[in-house]
Every structure is written in C-alpha cells, then in structure tokens.
Amino acid sequence: MSEHQEIFPSHENLPDVMVGIRDLCFNYGSSQALKHINLELKQNKVTAFIGPSGCGKSTLLRCINRMNDEIPGTRVTQGSIRVEGVDIYDRSVDVVKLRRDVGMVFQKSNPFPRSIYENVAFGLRMRGEKNKVVLDQVVEESLKDSALWDEVKDRLQESALGLSGGQQQRLCIARTIAVKPLVVLMDEPCSALDPIATAKVEELIYNLKKDYTFVVVTHNMQQASRVSDETAFFFMGELIEFSETRRIFSNPKLKKTEDYISGRFG
Amino acid sequence: MFNPESIIRKGRPKGYLRETLVRSFLRGITYLIVIIALMIFGKILIDGAPAIFTSKFPFVDIEFLTAKNETLHVFDDAQGTRHQLPASKYSDYVNAHAGATLYNEQTFSYSGGGIAGPIVGTALLTIGSMILALFFGVSAAIYLAEYAKQSPFIHAVRLAILNLAGIPSIVFGLFGFSVFVLAVPIITNTPSDRSMLTIPLMVGNYVLSFQGWNSSLIAGCATLACMILPVIITASEESLRAVPQGFRDASLAMGGTRWQTIRKCVLPYSLPGILTSSLLAIARVAGETAPIMFTAAVAAKDDLPWQGLSNPFGVLSSQVQALPYHIYTLAARIPNSEYTERAQYGSVFVFLVLVASLSFGSMILRAKLRKKLKW
Ligand SMILES: Nc1ncnc2c1ncn2[C@@H]1O[C@H](COP(=O)(O)OP(=O)(O)OP(=O)(O)O)[C@@H](O)[C@H]1O
Ligand SMILES: [Mg+2]
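Here the structure is a predicted model, which is why all the values come from computation and not from measurement.

Q: Can you explain the overall build of chain A? Please cite residues and give values.
A: Secondary structure summary: chain A contains 11 helices and 10 strands in total. Against the compact-globule benchmark of 18 Å for 266 residues, chain A has a radius of gyration of 18 Å, which places it among compact chains. Looking at the 266 residues of chain A, the share that counts as buried comes to 53%. When contacts within chain A are restricted to residue pairs at least 6 apart in sequence, those whose partners lie at least 24 apart make up 68%. Carbon and sulfur atoms form 48% of the exposed surface of chain A, whose accessible area is close to 11700 Å².

Q: Before we move on, could you go through the nonpolar core and cite the residues and values that matter?
A: Counting 35 residues, the largest nonpolar core has A:V19, A:I21, A:L39, A:F49 and A:L60 as the members making the most contacts within it. Discounting residues that sit within four places of it in the chain, A:V19 has contacts with A:L39, A:E40, A:L41, A:I64, A:I81, A:R82, A:V83 and A:V183.

Q: How would you sum up helix α8 (residues 195-208) of chain A? Please name residues and give values.
A: Residues and elements named next belong to chain A. Look at α8: 20 Å from first C-alpha to last across 14 residues, which is about the 20 Å you get at 1.5 Å a residue. Those residues of α8 lying buried are A197, T198, V201, E202, L204, I205 and L208. Take α8 and look down its axis: the buried residues cluster within an arc of 160 degrees, on one side only. Set apart from the buried face of α8 by more than 90 degrees, the exposed residues are P195, I196, E203 and Y206. In this structure, the buried side of α8 is in contact with β3 (46-50), α5 (132-145), α7 (165-177), β7 (183-187), β8 (213-217) and α9 (221-227).

Q: Which residues make up the site of ligand 1, and what values do they have?
A: All names here are of chain A. Around ligand 1, the structure places Y28, A33, S53, G54, C55, G56, K57, S58, T59, I71, E188 and H219. Note that an oxygen atom of ligand 1 is positioned 3.0 Å from one of the backbone N or O atoms of G56. Take T59: an N or O atom from its side chain is 2.4 Å from an oxygen atom of ligand 1. Protein chains shield 59% of the accessible area of ligand 1, which is 630 Å² for the free molecule.

Q: Describe in detail the packing of helix α8 (residues 217-242) of chain B against helix α10 (residues 258-287) of chain B, supporting the description with residues and values.
A: All names here are of chain B. Interhelical geometry of α8 versus α10 gives an angle of 150 degrees and a closest axis separation of 9 Å. For the pair α8 and α10, the crossing hand works out as right-handed. Residues L224, M227, I228, V231, I232, A235, S236, S239 and L240 of α8 form the contact with α10, whose participating residues are V266, L267, S270, G273, I274, S277, S278, A281, R284 and V285. Class assignment for the residues of the contact of α8 with α10 results in 12 nonpolar, 6 polar and 1 charged.

Q: Explain the interface of chain A and chain B to me, using residue names and the numbers behind them.
A: Each side of the interface is counted separately: chain A has 23 residues, and chain B has 19 residues. Contact between chain A and chain B buries roughly 1800 Å² in total, counting both sides, with carbon and sulfur atoms accounting for 65%. If you sort the residues of chain A by the area they bury against chain B, A:F112, A:P113 and A:M126 come out on top, with a joint share of 29%. Applying the counting criterion to the chain A and chain B interface returns 1 salt bridge. A salt bridge links A:E70 to B:R258; the shortest N-O distance between them is 2.2 Å. Along the contact surface separating chain A from chain B lie 7 residue pairs in polar contact (both at pLDDT 80 or more). When contributions to the side of chain A that touches chain B are tallied by element, the ones reaching two or more residues are α3 (95-101), β6 (102-105) and α4 (116-126) of chain A. The element contributing the most residues to the side of chain A that touches chain B is α4(A), with 4 residues. Of the residues belonging to the side of chain A that touches chain B, the class tally is 12 nonpolar, 4 polar and 7 charged.

Q: Please provide a residue-by-residue account of the sheet that holds β6(A), values included.
A: Within a sheet, neighbouring strands are paired by backbone hydrogen bonds and run either parallel or antiparallel to one another. Residues and elements named next belong to chain A. Taken together, the 6 strands give an open sheet; going across it, the order is β6-β7-β8-β3-β9-β10, and neighbouring strands pair in mixed fashion. Sheet topology places β6 and β10 (238-244) at the edges, where each strand pairs with a single neighbour. Neighbour-to-neighbour, the strand axes of the sheet open up by a mean angle of 20 degrees, direction not taken into account. With 4 bridges joining them, β3 and strand β9 (residues 230-235) adopt parallel strand pairing. Its bridge partner lying in β9, I50 is registered against F233. α7 rests against β6 and β7 of the sheet, and its axis sits at about 170 degrees to β6.

Q: Account for the sheet that holds strand β2 (residues 82-86) of chain B, naming residues and giving values.
A: Residue and element names in this part refer to chain B. An order of β2-β1-β3 is seen for the 3 strands of this open sheet, with the pairing classed as antiparallel. For this open sheet the edge positions go to β2 and β3 (103-113), each flanked by a neighbour on one side alone. Ignoring strand direction, the axes of neighbouring strands in this sheet form an average angle of 20 degrees. Sheet analysis places strand β1 (residues 69-76) next to β2, joined by 5 bridges and oriented antiparallel. Looking at β2, one finds that V74 is bridged to Q84.

Q: Now, about helix α6 (residues 152-164) of chain B: what can you tell me, with residues and values included?
A: All names here are of chain B. Between the first and last C-alpha of α6 there are 18 Å, a value that for 13 residues agrees with the 18 Å anticipated at 1.5 Å per step. Among all positions of α6, only I154, R158 and I161 are buried. For α6, the buried positions fall inside an angular range of 60 degrees around the axis, keeping them on one side. Residues of α6 that are exposed and point more than 90 degrees away from the buried face comprise P152, F153, L159 and N163. Tucked inside the fold, the buried residues of α6 contact α5 (116-147) and α8.

Q: Could you give me a rundown of a nonpolar patch on the surface, with the residues and numbers involved?
A: A surface patch of nonpolar side chains, about 490 Å² in accessible area, is lined by B:V22, B:F25, B:L26, B:I29 and B:I33. Tracing the backbone shows B:L26 in helix α2 (residues 16-52).

What counts, and at which threshold
Per-chain numbering applies: the sequence of each chain, read as written, is numbered from 1 onward. Labels follow written order: the first chain is A, the first ligand is 1, and so on. Note on the predicted model: pLDDT of at least 70 is required for a residue's local features to be given, and 80 or more for side-chain atom pairs to be given and counted; whole-chain, interface and lining totals, by contrast, use all residues. Only heavy atoms go into the side-chain values, all of them from the structure, while hydrogens and water stay out. Under the DSSP-based scheme used, a helix requires at least four consecutive residues in state H or I and a strand at least two consecutive residues in state E, with every element numbered from the N terminus. Within these notes, the globule rule equals 2.2 Å times the number of residues to the 0.38 power, and the radius of gyration is based on C-alpha atoms. Burial classification: accessible surface area is computed with a 1.4 Å probe over protein chains only, and a residue below 20% of its type maximum counts as buried, one above 50% as exposed, and the rest as partly exposed. Only heavy atoms enter the contact rule, under which two residues are in contact if any of them lie within 4.5 Å. In these tables, accessible area is a Shrake-Rupley quantity obtained with a 1.4 Å probe, and a residue counts as shielded only by the protein chains included in the view. Residues grouped as a nonpolar core are buried Ala, Val, Leu, Ile, Met, Phe, Trp, Tyr and Cys residues, joined through side-chain atoms within 4.5 Å. One less than the number of residues in a helix, times 1.5 Å, gives the span that helix is expected to have. What the arc measures is the spread of directions leading from the helix axis to the C-beta atoms. Neighbouring residues are identified by heavy atoms, a residue being near a molecule or strand if any of them is within 4 Å of it. In protein, a polar contact means a hydrogen-donor-capable atom and an acceptor-capable atom, both N or O and within 3.5 Å, with residues adjacent in sequence counting only if both atoms are side-chain atoms; elsewhere, any N or O pair within 3.5 Å suffices. Interaxial angles span 0 to 180 degrees and are taken between N-to-C directions of axes, which are lines fitted to C-alpha atoms, for helices over the stretch in contact. Handedness of a crossing is defined here by the sense of rotation of the near helix relative to the far one, left-handed for an anticlockwise turn of less than a right angle and right-handed for a clockwise turn. We call Asp, Glu, Lys and Arg charged. Ala, Val, Leu, Ile, Met, Phe, Trp, Tyr, Cys and Pro are nonpolar, and the rest, Gly among them, are polar. The buried area of a pairing is the accessible area, by a 1.4 Å probe, that goes missing from both parts when the two are put together, added over both. The term salt bridge refers to a pairing of a side-chain nitrogen on Lys or Arg with a carboxyl oxygen on Asp or Glu at a separation within 4 Å. Pairing between two strands is assigned when DSSP locates at least 2 bridges connecting them. Residues form patches when they are more than 30% accessible in relative terms and have no salt bridge. Like charges link within 9 Å. Nonpolar side chains (Val, Leu, Ile, Met, Phe, Trp, Tyr) link within 5 Å.

Written out as structure tokens, the structure is:
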C-alpha cells in the first residue's frame, strides 16, 4: 500500500469511496457513448454494471483505467474520474501507474502463451521484481486467491494455453491480483464459462472483496444479484438507476429498470 | 412412357463443351509453366552437377567450393596430353618442366580453381544486409504498427514503402552508388579529393567528410538492405498485427509501459513470422546482381575479403566477389568453350541450390511455426 500512497496522496473524499465518477461524458470520435455519468464505487464492495448491449458499460469500465486511451479518437469531453481522490485524467497522472492500481480482467480470457507461472509473475517482472522467493510466493498466493492453486500446482511450468476456458479466466484474475491493485475491473468475466466455472469465479470475487474493490459487468441478472453489493443500470449511455443490489432487484425505482431486470427488453 | 431417369440424370448439362474447353486450356497453361520450370532446373542440373559431384568419396568436388578463383590454362605437352591447370598450378608445372615446350596454349579467365571467393562474398553481403535490413525494418514496422496513429500521413508513408518494393533493383544499384559509394559522411583525417563537403571536427585534424564508403562490402550491404527494406517492413508489420490485441491489452492493463508490452508480449510472438518472411528476403538478397554491381562487387580478387587486413573492420571496406555477379562475369565477359563450362554451370548450380534451399527452408520453418504458434 505504501506505493499507492505515494501516487495518490491522501485526500478529502469520503474514506469509503474508492472511485468517484462525476458528470462524465465520453466520445468515440463524434459519437457520444457516455452521458453525464455520476457514480461512486465504494471500497471493498462489488459494483455490478448492467444494461442492454451497447449501452456503454464496457466504455465506462475502460475509462476507469484509461484503457480507452489506446483507441484513437476517443476523449473524455466533460467531468472527471477520481481514484482515491486523484483525478486520473489530470495531465500529471501517469497512466502506467494508474493501471497498476486499477487492474482489468477481460471478457475473452487472454493468457500469454507462456507457462502458468510466468503468466502470474508477469506483472511483477515488468516492475523489475527479480527475487525468486518473492515471485514464488506471490504466484502461489495469487493462484490460491483465485481458487486455481489446487488444480495447477503440479504443472506451473506448463503452458497456460493447456488450461480449460474457466481455468484460463481464473488465471487472468490471478495475474491481475498478483500486482495488488486497488480496483479490479471485470468485463463480463464469465460470459464464456459454464455454470460451475462461473460459480467458482463468483465465489472468488466474494472471498477477495475484503482486499479489493470490484466492478463486474454482466448480462446475467442472477449473477449481478448474487455477486454484487451495488448495481448500476445503464441505458443508451446514461446511468438510469444506481443503488444497493437488493433494492434494485426487489424494488426498482424506475419502470425501465424493472422492465430490463425482469427481461421484458434488452 | 414417363421415365424420370432420362429427365433427371441422363445427358450432359448445358455448356458442357465450354466448361471442358476452359478447363483443358487452363490446365494446359499450368502444365506448360511447370514444364518450362522443369526444363530450366533440368538443364542446370544436368550441366552443373558434373562440375560439383564426383564419382569418388566425398562425391562433391570440394575444391570447386573451397578454392580461389583463377585463370585456367589449357595446353598440350610434348607427348600430346592435354592439361587444364589453374594459374597457380600452371606456374608450378612450368617451373617443374623448365624448358619444355607447350603446344596449343590457351587461357580462360575466371574459369580455373573454385568459387570460394564468390561464395564467401555472397555470404558476407547477405549477412550484412540482413542485419541492417532487420534492424531498420523491424524498427520502422514497430513504429508503424504499434506507435503511429492512423493518419493520412502514416498512410502515405506506408504507401511509399510499398511502392519502394516495386522499384527495379538496378535503380537501387545506382542509388547506392551515388549515396553510399560517393556521398555518405565518414570521419577521417585524410579527406579524399572528391569529398563533396568537409566539416572540421575540432579533434586533431579529423573532419567529417562526405566522400562515401567507396565500392565496399558495407556499401553493398547498405544498398541491398535498402532494396529489401520494404519487404521486411511490410512482413514485420503484418506479423506484429497478427499478434492478438488481447496480449497487449493484458500487459497494458497490468501496468506495463508501451515498450515493455511490445518487448514482452508482441515481439516474441511476431518474431517467428518476421524471421520466416525474412528468409525469403535473404533469397532475394543473395540473388541480386544489379545492386552490388557498382557498390561492392569485383570480378576478380586474389584474396578472400578478410585476408591481408590490418584490422578486422577492414573487411567492411574491402570489395568482394559475389555469386550472381560472378555468374554474370562468366556468362558475359569470357568466350564460351568446353573448358569454361565447368565454372559456368558449376557456379549456376551452386547458386541455384543455395537460393532454393533458402526458400525451401523458409517454407518449412513457416509451416512448423504455424503449427507451434496457435493461440
Ligand atoms: N472502439 C469503438 N469505436 C467506436 N464506437 C465504439 C467503440 N466501442 C464501442 N463503441 C460504441 O459505444 C457504445 C457503447 O459500447 P460499449 O462497448 O461500451 O457497450 P456495452 O454496454 O459494453 O455493450 P456489450 O454489453 O455488448 O458489451 C456502443 O454504441 C458502441 O457502438
Ligand atoms: Mg461490453
């Protein structure tokens, strides 16, 4: 944590707000994908993003660790995102350091064609960690945290591509948490997994909640209700409703939310 | 009576004749091309193999591959026996048989000895130019594929590079001559008279003199590198783009810098592709005559490039022989006769085997890597 403190000095925000999104507007070229989003991600909570396809969930997610910077022609036109109180779109912020604090797991599992061990150690190696003892320890810890250790502990040096889809996705999670981020963004992490693998991922999210702040994009209402503490419903680039998951699923304020949750559209 | 068979299955479909004609025509042309190719290979094989292969162990004429190139002397001795000796052995013979009269004496330039010089020269030119081309080409490809934003300017750059590939090699030869041989700057304390511009360096009496590298190995390598740069850049860019975006995203999302991402997650997986396409470029480099004609190659050279040099870097500024140029010399500059055929067909044969094995090697390598690199 000491490293994080250097990058993100202590701040005036509420202590339990990890990411604060204020009036955020975002454009792909000239088409607006996000319209005036206001949202707070609370520390050690799981926030689910739901909404019909194309409503901007992934876009918002990718704004939080500035992965959208990689897409030419995109820009935040208005508003701000603060992580631990620091405006991440400020000129002084180094996006490399930001991404060390805000990790991301992708929809399509994308392990490197290297050994399982090297996949998990990758982030630390990039940071210059060479100590074998430290690496071994982190790899084991991360694999245990992502509920993969028992399945792979005897084949750490084998290629990660030999793992099943569900194992690969958990490996990607292990790889992401190996570098101890503050926030873990997950874009439909279970969309390609069967129910058992999905249950494993959900369980590990639940267990890791105490150490991380999670955002999970999902099209699966049951998953959102099972795994998340708070839920944000998006529609056409706007945040329609945002509150505790329990409340949203049992007693949504707006008709549109209710229709979507009950499967009447989207 | 109604017979469905006669309606449905019997008879030829409409246009059958035309179909057959078109197919036979296309097939005929294909076979013609194959026959021409076979005839070329066959001719070289039949005429060239005797120069290379021998009936005795090790079945290959080692001397032809390892001996220096010399003038061939053909003569009859007093007994009427015909001798064919390269220049060095000829002088031994004359010394040994002092006073003997030689009859029907003829000499054939470049036809005696072996072709070690051209082989070594071609090897050096190929290695040197590949190093240069890979360094510059891969760097440019990384920039184009990973850093450059898609803009009209970058499109124009890419188009220019593609067009470069269509320029005839003789133009590269002339370009190399006027730039690398005559104009590039070097640091020296004795600038040549033809230097186009000298800039004093304030260190001793050293100057930066724009006088070129003369006709030399390095000038030839640079010219050849220019010629294959477009191929290397295009192939490398393709290989880089073939690496799944997911690898880059994953690395960037873990807090990798752009260069770390390229070095660890992109380059390793595109390198096989880059190298296999480069092997094809090697075949081209090894085979071109025009670019080296004015920039590096000499028809005759007594020493191998590294012999008689005071420092090892001197090899870069020495001229070399090269196989394609040697073949040109043998074909165009000396009269044809039965005594020159060994050198002529032998050289072509060696050359063909070399280029063919390079192309073949790249094909095998590519197929192997394709299988290995699946994600
Ligand atoms: N790279 C891009 N360039 C241009 N427009 C884009 C790009 N990516 C997304 N968009 C547009 O932005 C809008 C939001 O897309 P986004 O991917 O955020 O939707 P999503 O909610 O994640 O959808 P899904 O549930 O299908 O993943 C869509 O209208 C989409 O067409
Ligand atoms: Mg999405």
